[in-house]
Amino acid sequence: MAVVIAAPASGSGKTLLSLALLAWARGQGHSIQPFKVGPDYLDSQLLSTIAQRPCRNLDLNLCGAPWVQRAFHGYGGMADLALVEGVMGLFDGIGSSEAGSTAATARLLGLPVVLVVDAGGQAASLGALVRGFRDHDPAVQLAGVVLNRVSTSRHRELLSEVLDRLGVPLLGCLPRTDALTLPSRHLGLAPAHELHNPGTHRDRWASLAEAHLHLGKLLPLLKAPAPGPDPLAIEHMEQPRQPGSYPVAVASDAAFHFRYPETGELMEKRGMPLIPWSPLADEPIPSEACGLMLPGGFPEQHAGQLSAAQNSLDSLRTFAALRPVYAECGGMLLLGRSLTDLNGTLHPMAGILPFQASQGQLQVGYRTLHAHRDGLVTRRDEVIQGHEFHRWQLQSKVPDSLESVHSLWEIMGWRLKTRREGWGQRTLHASWIHLHWASCTTICSRWRDALATGPKVTTGVS
């Protein structure tokens, strides 16, 4: 069955409760599959670290209902238990709608919801809030409530009486303590690799669950769904796998780590083994690589170190002139002429694309993409879905008229002025937009075709 961890709003404690349950389950010897509603990478990294298995994103807007159902049953059925962390408030979707919301995902999968409520400063008012969420949509089953930031035993007793009058089960009360605060960065939670001593945190969160949650009531809700087929089974591919192996270098370090696990798994299944490459370590791209992926991350946080990594940058310039390169969001910034760091200091980058990148306004949301030309993984007039999330902006010295002609696609979104964006060529894809390869397998097929075209080459850098 599994359970959805939801809340009235962001910042209520969804991630803390999810981590506590995952840590407790692992401490009891259970395998547990974490899921995350929406496109988030950072929460998913933390959930993966504590569950000790890859968290899977369930994103109706980005991937569609068939993929969400296939992923939930396929991955969830491989574990003893399963847990789905929601996104934002329970009913929050695109704009003012419920499209792609946690509630929509719970309805689709038929899952009960545990509501995490920040109860600080509340007593009887809790009743109005919980009643509203319980009754707003009868198709969403409220299994119970976990209260967060409950300071004293008296406060707990007051809140418990309120929920008793509503007939809503109280499944636990988490205390108010700075020791449970999760560190954050300019795009959300800090990445999992910045979580020092994860074992210590896992023990602390497991103890939190033991002391403050009604685990006897929560454990039945965590039971995993019935096993389903492999979500990445070959029958979902556009065409049968062709013989041959085409290794792909993937930027993988503290600057570049925003990548859905299914992307790598899908490539592995299609004969494209991944080779980690660290630009921060000033390494050349591995000579056996037939292609290069530059995923998103926080290059702005490491701009000075990246700029000084001349072996990496020289290797990238040579490689990009010969072999396919796929770059998303932060990965694209490595290809530009310069990048400002968090303090506004300018640092030279690879200079492959004609832009300078500096801090700007937050750009976030789902995007509908209308391709204007044939590219590395897209074809003219195709329409696909993606997601944008960044605070940096590009300034290009290319005339607007010329940039418009050579742009990859036109992007549209809720209350977004339609604009052209990205670079697309037969051997280069560079864009702000994140794509979910496993939900659109033509991307992977075209990527493999590009790798198979032409002779294998080395970077020429040793």
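Preceding this paragraph is the structure being described.
Every chain is numbered independently, its residues counted from 1 as its sequence is written. Selection of residues for local features in this predicted model requires a pLDDT of at least 70, selection of side-chain atom pairs for listing and counting requires 80 or more, and totals for whole chains, interfaces and linings are taken over all residues. For the side-chain quantities, the full set of heavy atoms in the structure was used; hydrogens and water were omitted.

1. Description of the overall build of the protein chain
Worth spelling out the cut-off: Helical segments are the DSSP runs of H or I of at least four residues, strand segments are the runs of E of at least two, and each set is numbered from the N terminus. Each residue is placed in one exposure class: buried if its accessible area under a 1.4 Å probe, protein chains only, is under 20% of its type's maximum, exposed if it is over 50%, and partly exposed if it falls in between. Two residues form a contact once any of their heavy atoms are found within 4.5 Å. In these tables, accessible area is a Shrake-Rupley quantity obtained with a 1.4 Å probe, and a residue counts as shielded only by the protein chains included in the view.
From N to C terminus, the protein chain includes 15 helices and 22 strands. Evaluated residue by residue, the protein chain yields a buried proportion of 55% over its 462 residues. Expressed as a percentage of contacts within the protein chain between residues at least 6 apart in sequence, the contacts between residues at least 24 apart total 76%. Carbon together with sulfur atoms contributes 51% to the accessible area of the protein chain, which is approximately 18300 Å² in total.

2. Side note on the side chain of S431
Put simply, the test is: Think of a polar contact as two N or O atoms within 3.5 Å of one another; within protein, one of them needs to be a possible hydrogen donor and the other a possible acceptor, and neighboring residues in sequence only count if both atoms come from side chains.
Here S431 lies in strand 22 (residues 428–431). For S431, the side chain forms a polar contact with the main-chain nitrogen of I433, separated by 2.9 Å. Not counting chain neighbours up to four residues away, the residues in contact with S431 comprise A327, E328, C329, M332, L408, W409, E421 and G422.

3. Considering the nonpolar core
The line we're drawing: Remark: nonpolar core denotes a set of buried residues (Ala, Val, Leu, Ile, Met, Phe, Trp, Tyr, Cys) joined through side-chain atoms within 4.5 Å.
Among the nonpolar cores identified, the biggest contains 110 residues, and L147, L294, W437 and W447 are the most heavily contacted of them. Excluding residues that lie within four positions of it along the chain, L147 makes contacts with V117, A119, L126, L159, L163, L170, G172, C173 and L174. In terms of nonpolar packing, the next biggest core, distinct from the first, is built from 34 residues, W24, I32, L81 and A206 among them.

4. Section: the packing of helix 6 (residues 125–135) against helix 7 (residues 153–166)
The condition that has to hold: Each axis is a line fitted through C-alpha atoms, and for a helix only the stretch in contact is used; angles between axes span 0 to 180 degrees, taken between their N-to-C directions. Our angle categories are set so that under 35 degrees counts as roughly parallel, over 145 as roughly antiparallel, 65 to 115 as roughly perpendicular, and the remainder as oblique. Working rule for handedness: look at the near helix, and if it is turned counterclockwise from the far one by less than a right angle, call the crossing left-handed; if clockwise, right-handed. Note that Gly is not counted as nonpolar here; it falls among the polar residues with everything else outside the nonpolar set of Ala, Val, Leu, Ile, Met, Phe, Trp, Tyr, Cys and Pro and the charged set of Asp, Glu, Lys and Arg.
Two elements in contact, helix 6 and helix 7, have axes separated by 9 Å at closest approach and are oriented at 40°. Classified by the angle between their axes, helix 6 and helix 7 sit oblique to one another. When the axes of helix 6 and helix 7 are compared, the crossing they make is right-handed. On the side of helix 6, the interface is formed by L126, G127, V130, R131 and R134, while helix 7 contributes L159, V162, L163 and L166. Here the residues of the contact of helix 6 with helix 7 are counted per class, giving six nonpolar, one polar and two charged.

5. Looking at the packing of aromatic side chains
Applicable threshold: Centres within 6.5 Å are what make two rings of Phe, Tyr or Trp a pair, Trp counting through its six-membered ring; a difference in plane orientation under 30 degrees is then read as stacked, over 60 as edge-to-face, and the rest as tilted. Only Lys NZ and Arg CZ are tested; either one counts as a charge over a ring when it is within 6 Å of the ring centre and within 35 degrees of the ring normal.
The full count for this structure, using the stated rule, is nine aromatic pairs. Where Y41 meets F258, the ring centres are 5.1 Å apart and the plane angle is 5°; that geometry is what we call stacked. Placement of the pair is Y41 in the loop between strand 2 (32–37) and helix 2 (42–51) and F258 in strand 11 (residues 256–258), with a sequence separation of 217 residues. Its relative accessible area of 7% is what places F258 among the buried residues. Ring geometry for Y41 versus Y260: centroids 4.6 Å apart, planes at 25°, classification stacked. Of the two residues, Y41 sits in the loop between strand 2 and helix 2 while Y260 sits in the loop between strand 11 and helix 10 (261–269), which places them 219 residues apart along the sequence. There is no split in this pair, since Y41 and Y260 are both buried. An aromatic cluster is built from Y41, F258, Y260 and F298, whose rings are joined through pairwise contacts. Here R56 stacks its cationic end above the ring of Y75, 3.7 Å away from the centre of that ring.

6. Re helix 6
Definition in use: Along the arc lie the directions from the helix axis toward the C-beta atoms.
For helix 6, the complete set of buried residues consists of L126, G127, V130 and F133. Along the axis of helix 6, the buried residues cluster in a sector spanning 140°; they form a single face. Within helix 6, the exposed residues directed more than 90 degrees away from the buried face are S125 and A128. Along its buried surface, helix 6 packs onto strand 5 (113–118), strand 6 (142–150) and helix 7.

7. Digging into the sheet that holds strand 2
As a reminder, the rule being used: Two strands qualify as a pair provided that DSSP identifies no fewer than 2 bridges between them.
Overall, parallel pairing links the seven strands, which are arranged 3-2-4-1-5-6-7 in an open sheet. Edge positions in the sheet fall to strand 3 (56–58) and strand 7 (170–175), since each has one partner strand and no second. Geometrically, the sheet is characterised by an average inter-axis angle of 25° between neighbouring strands, direction not taken into account.

8. Considerations on helix 12 (residues 310–320)
Within the span of helix 12, buried status applies to S312, L313, S315, L316 and F319. The arc enclosing the buried residues of helix 12, seen along the axis, measures out at 160°, which places them on a common side. Of the surrounding secondary structure, the elements contacted by the buried residues of helix 12 are strand 12 (274–277), strand 13 (291–294), helix 11 (303–308) and strand 15 (325–328).

9. What to know about the pattern of salt bridges
As a reminder, the rule being used: The rule for a salt bridge is simple: a side-chain nitrogen of Lys or Arg has to be within 4 Å of a carboxyl oxygen of Asp or Glu.
The full count for this structure, using the stated rule, is 14 salt bridges. The partner of D314 in a salt bridge is R317, and the shortest N-O contact between them spans 2.6 Å. Linking D314 with R317, this pair stays in helix 12, spanning three residues, or about one helical turn. The partly exposed category is assigned to D314, whose relative accessible area is 36%. According to the relative accessible area criterion, R317 is partly exposed, its value standing at 30%. E382 is paired through a salt bridge with R446; the nearest N and O atoms lie 2.6 Å apart. Taken together, the residues E382 in the loop between strand 18 (355–371) and strand 19 (383–396) and R446 in helix 15 (residues 442–452) connect sequence positions 64 residues apart. Judged by relative accessible area, R446 falls into the buried class, the value being 13%. One network of salt bridges, in which partners are shared, links K36, D43 and E85.

10. Description of unusual backbone geometry
Positive phi is not limited to glycine here, since D381 has a value of about 75°. One can find D381 in the loop between strand 18 and strand 19. Residue D381 is classed as exposed on the basis of its relative accessible area, which comes to 52%. Positive phi values are uncommon outside glycine, yet R415 reaches one of about 55°.

11. A look at the environment of T263
Among the secondary structure elements, T263 is positioned in helix 10. For T263, a relative accessible area of 5% translates into the label buried. Measuring from C-alpha to C-alpha, the distance between T263 and T441 comes to 9.7 Å, with 178 residues separating the pair along the chain. Those residues in contact with T263 that sit more than four places away from it in its chain are M293 and W437.

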